[in-house]
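As a plain string of letters, each chain reads:
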Amino acid sequence: MMAQPQSASHPDRLAAIAAGTIVPAVIHPEVEGEDPVLEVADFSLWYGAKRVLHDVSLAVPRGRVTALIGPSGCGKSTLLRGVNRMNDLIDGVRTTGDMRLAGDSIYGRGVDVIELRRRMGMVFQKSNPFPMSIRDNVTYALQINGERNRGVLDAVCRRALEGAALWDEVKDRLGDSALGLSGGQQQRLCIARAIAAEPEVLLMDEPCSALDPIATSRVEELILALRGEYTVLIVTHNMQQASRVSDYTAFMYLGQVVEYGPTARLFTNPRLRETEDYITGRFG
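One structure accompanies this document, and this report is about it.

Rules of the game
All chains use their own residue numbering, which begins from 1 and follows the written sequence. Since the coordinates come from a predicted model, pLDDT governs what is reported: local features require at least 70, and pairs of side-chain atoms require 80 or more to be given and counted, while whole-chain, interface and lining totals use all residues. To obtain the side-chain values, all non-hydrogen atoms of the structure were used and water was disregarded. Where helices and strands are cited, they refer to DSSP runs of H or I of at least four residues and of E of at least two residues respectively, numbered from the N terminus. Every radius of gyration here is taken over C-alpha atoms, with the globule rule written as 2.2 Å times N^0.38, N being the number of residues. Only protein chains enter the accessibility calculation, which uses a 1.4 Å probe; a residue is then buried when its area is under 20% of its type maximum, exposed when over 50%, and partly exposed in between. Only heavy atoms enter the contact rule, under which two residues are in contact if any of them lie within 4.5 Å. Under the counting rule used here, the positive set is Lys and Arg, the negative set is Asp and Glu, and His together with the chain ends is not counted. One atom stands in for each charge, and that atom is NZ of Lys, CZ of Arg, CG of Asp or CD of Glu. An axis is simply a line fitted to the C-alpha atoms; with a helix, the fit covers only the stretch in contact. Between two such axes, the angle follows the N-to-C directions and lies from 0 to 180 degrees. For classification purposes, angles smaller than 35 degrees are called roughly parallel, those larger than 145 roughly antiparallel, those between 65 and 115 roughly perpendicular, and all remaining angles oblique. Here is the rule for handedness: rotate from the far helix to the near one, and if that takes an anticlockwise turn smaller than a right angle the crossing is left-handed, while a clockwise turn gives right-handed. Note that Gly is not counted as nonpolar here; it falls among the polar residues with everything else outside the nonpolar set of Ala, Val, Leu, Ile, Met, Phe, Trp, Tyr, Cys and Pro and the charged set of Asp, Glu, Lys and Arg. At least two bridges found by DSSP between two strands are what make those strands a pair. Here, expected helix span is obtained from the residue count minus one, scaled by 1.5 Å.

Attention now moves to the overall build of the protein. Looking only at helices and strands, the protein features 12 helices and 11 strands. Over its C-alpha trace the protein gives a radius of gyration of 19 Å, about what one expects of a compact globule, namely 19 Å for 284 residues. Seen along its three principal axes, the alpha-carbon backbone of the protein occupies a region of about 60 × 45 × 30 Å. Here the protein holds 284 residues, and the buried ones make up 51% of them. Nonlocal contacts in the protein, meaning residues at least 24 apart in sequence, comprise 70% of its contacts between residues at least 6 apart. Averaging the locations of the 31 positively and 35 negatively charged side chains of the protein gives two centres separated by 2 Å.

Here helix α8 (residues 183-196) crosses helix α9 (residues 213-226) at 20 degrees, and the two axes come no closer than 9 Å. Our classification of the angle between α8 and α9 gives roughly parallel. At the point where α8 passes α9, the crossing takes the right-handed sense. Together, G184, Q187, R188, I191 and I195 of α8 and A215, R218, V219, L222 and L226 of α9 make up the contact between the two elements. When the residues that make up the contact of α8 with α9 are grouped by side-chain class, the tally is 6 nonpolar, 2 polar and 2 charged.

Here 4 strands make up an open sheet; going across it, the order is β3-β2-β5-β6 and the pairing antiparallel. Sheet topology places β3 (50-61) and β6 (104-105) at the edges, where each strand pairs with a single neighbour. Where strand β2 (residues 36-47) lies against strand β5 (residues 93-101), 8 bridges are found, and the strand directions are antiparallel. By the bridge assignment, S44 is partnered in β5 with T96.

Along its 14 residues, α8 runs 20 Å from first to last C-alpha, staying within 8% of the 20 Å computed at 1.5 Å per residue. Buried residues dominate α8, accounting for 13 of its 14 residues. Following α8 by one or two positions, E198 has its phi on the positive side, about 50 degrees.

Looking now at the environment of E162. Position of E162 among the secondary structure elements: in helix α6 (residues 150-163). A sequence separation of 30 residues divides E162 from A192, and the C-alpha atoms of the two residues are 8.2 Å apart.

Right under this line is the structure:
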């Protein structure tokens, strides 16, 4: 049974957010004691005239799995895609504030966005293998960067597929089309492709939403295995998934972070009544 939330809650906190007021997030001290690899600083984003993110500040700890949860339309995926500047591809997008990756500005003038994206891996809701062999899918980023040494490419391919818990299933058919894999295998292949370049941050946007329960379980096991070696920022609509795979969880509502802390604490003893209400299904 969930413990009684502490008195940090404001009775009109969500109503104030809905009215457009910037309400400071409740950040647990454990987060502030971590070494952040990604820092979001007073970040806001507009699609045309519509403001989607409101002065979001968030520190993502190195080597941990951090989950973003919240109702549909709360800005989780927009925030995630802001990290590798995918929102830049949408007409009418405007931002203020900044994000920093290992201390380097993501939105500063003169940032090479292509180079920035090389420092991150991205896994989408729906698996998106390229129409080429399994081997070439995994080593694609290295090949377009000019790597031609077959020994290097084969070593990276094996390491990434082992890291994605897929090597034993595909090692005898690396030359086959990736499109012949099952949905769950394709998603793990996309994770292998993402980690082949040894990214500083691995971004996952609801990576299991299109998978069946068995495939979902395999991907969750993989995320747990990647913890420590990689920093993972994952958006999930599935709170049970967040509780299973993440070290830290941020609860978002209408473009603001409401509460951010250790996952176990957020799910058993949140400081805000609003967080408890969302996690227990009383709203959202």
